[in-house]
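The lines below spell out each chain.
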Amino acid sequence: SILDGFNVCIFAYGQTGSGKTFTMEGPEENPGVNHRAVKELFELARVQNAEEFDYEIKASLLEIYNESINDLLSDPKNIKKLDVRMGPKGPYIPDLNITPVSDVDELQALMKTGAQNRKVGATAMNTDSSRSH
């Protein structure tokens with residue numbers, strides 16, 4: 001559906017310590033869902049571009065932390081309050097950074113930046129628990 005023009009979100013939900021980060025990100029030798037999906041997306045777009053379509057791929061990364069929406073691609077020193085709004089094409093978040101990407105490496109670099117900007121905090125089950133995916 002993403003290649004048909006629909007927005008896509010990959011979402012992980014579960015108890016602390018249940019394996020969300022491993023499943024979504026994985027180690028370099030065993031990439032998680034996010035990294036495998038990105039590689040597949042660019043491969044499918046490359047094949048279909050050669051046939052009949054022209055794709056533009058853009059990415060945004062956000063977290064919902066303590067009921068606040070945080071843009072993981074913005075400068076952490078310049079945090080803006082973000083809210084979900086309803087527009088003619090459906091829900092959107094004004095002022096959320098949306099970055100065009102042309103290949104897997106560019107998107108994975110954005111994902112790395114987003115991962116570095118995520119909130120982390122200790123819980124009773126995990127002393128370095130991530131707060132979002």
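Remember, predicted model here, so these are calculated numbers, not experimental data.

Visitor: When you look at the overall build of the protein in this model, what are you seeing that I'm missing?
Guide: Helix and strand counts for the protein come out as 3 helices and 8 strands. Secondary structure elements in the protein, listed N-terminal to C-terminal, are α-α-β-β-β-β-β-β-α-β-β. Expressed as a percentage of the 133 residues in the protein, the buried residues total 27%. At a minimum sequence separation of 6, the contacts of the protein that also span at least 24 residues come to 49%.

Visitor: Whenever I open this one, unusual backbone geometry confuses me. Can you help?
Guide: Note: most residues except glycine have negative phi, and most peptide bonds are trans. Unusually for a residue other than glycine, Glu67 sits at a positive phi of about 65°. Mapped onto the elements of the fold, Glu67 is located in the loop between β2 (62-65) and β3 (68-71). A relative accessible area of 81% places Glu67 in the exposed class. Notably, Asp95 is not glycine yet its phi reads approximately 70°, a positive angle. Here Asp95 shows up in the loop between β5 (90-92) and β6 (99-101).

Visitor: Explain the pattern of salt bridges here, please?
Guide: Think of it this way: side chains of opposite charge can pair up when their charged atoms draw near. This model, assessed by the stated rule, comprises 5 salt bridges. Note that Arg118 is salt-bridged to Glu25, the shortest N-O span being 2.7 Å. Linking Arg118 in the loop between α3 (104-117) and β7 (120-121) with Glu25 in the loop between α1 (20-24) and α2 (33-51), this pair joins segments that are 93 residues apart in sequence. The partly exposed category is assigned to Glu25, whose relative accessible area is 24%. Asp83 is the partner of Lys81 in a salt bridge, and the nearest nitrogen-oxygen pair spans 3.1 Å. Classification of Lys81 by relative accessible area gives exposed; the value is 70%. Its relative accessible area of 30% is what places Asp83 among the partly exposed residues. A cluster of three or more residues bridged by salt bridges with shared partners is formed by Lys81, Asp83 and Arg85.

Visitor: I tried to follow the nonpolar core on my own but got confused; where do I start?
Guide: Nonpolar side chains tend to gather and get buried jointly when the protein is soluble and globular. Ranked by size, the top nonpolar core spans 14 residues in total, and within it Val38, Phe42, Ile57, Val101, Leu107 and Leu110 carry the most contacts. If you list the elements that add at least two residues to this core, you get α2, β1 (57-59) and α3. In this structure Phe42 touches Ile57, Val101, Ser102, Asp103, Val104 and Leu107, once residues within four positions along its chain are discounted.

Visitor: What's the story with the pairing of β2 in this structure? I'm lost.
Guide: In terms of strand pairing, β2 meets β3 through 4 bridges, oriented antiparallel. Paired with Ile64 across the bridge in β3 is Ile69.

Visitor: Please explain the environment of Ser74 as it appears in this structure.
Guide: Within the secondary structure layout, Ser74 lies in the loop between β3 and β4 (85-87). Expressed as a C-alpha distance, the spacing of Ser74 and Gly114, which sit 40 residues apart in the sequence, is 8.8 Å. The residues touching Ser74, leaving out its near neighbours within four places in the chain, are Asn97 and Asn117. Polar side-chain contacts of Ser74 include one of 3.0 Å to the backbone oxygen of Asp71.

Visitor: Is there a simple way to think about the environment of Lys112 in this case?
Guide: The residue Lys112 is located in helix α3 in this model. Judged by relative accessible area, which is 57%, Lys112 ranks as exposed. In sequence terms Lys112 and Leu72 are 40 residues apart; their C-alpha atoms lie 10.0 Å from each other.

Calculation rules
Residues numbered from 1 in each chain as written. Predicted model: local features only at pLDDT ≥ 70, side-chain atom pairs only at ≥ 80, totals over all residues. Heavy atoms only, no water. Helix = DSSP H or I, 4+ residues; strand = E, 2+ residues; numbered from the N terminus. Buried < 20%, exposed > 50% of the residue type's maximum accessible area, 1.4 Å probe, protein only. Contact = heavy atoms within 4.5 Å. Salt bridge = Lys/Arg side-chain N within 4 Å of Asp/Glu carboxyl O. Core = buried A, V, L, I, M, F, W, Y, C linked by side-chain atoms within 4.5 Å. Pairing = 2+ DSSP bridges. Polar contact = N/O pair within 3.5 Å; in protein donor to acceptor, adjacent residues only side chain to side chain.

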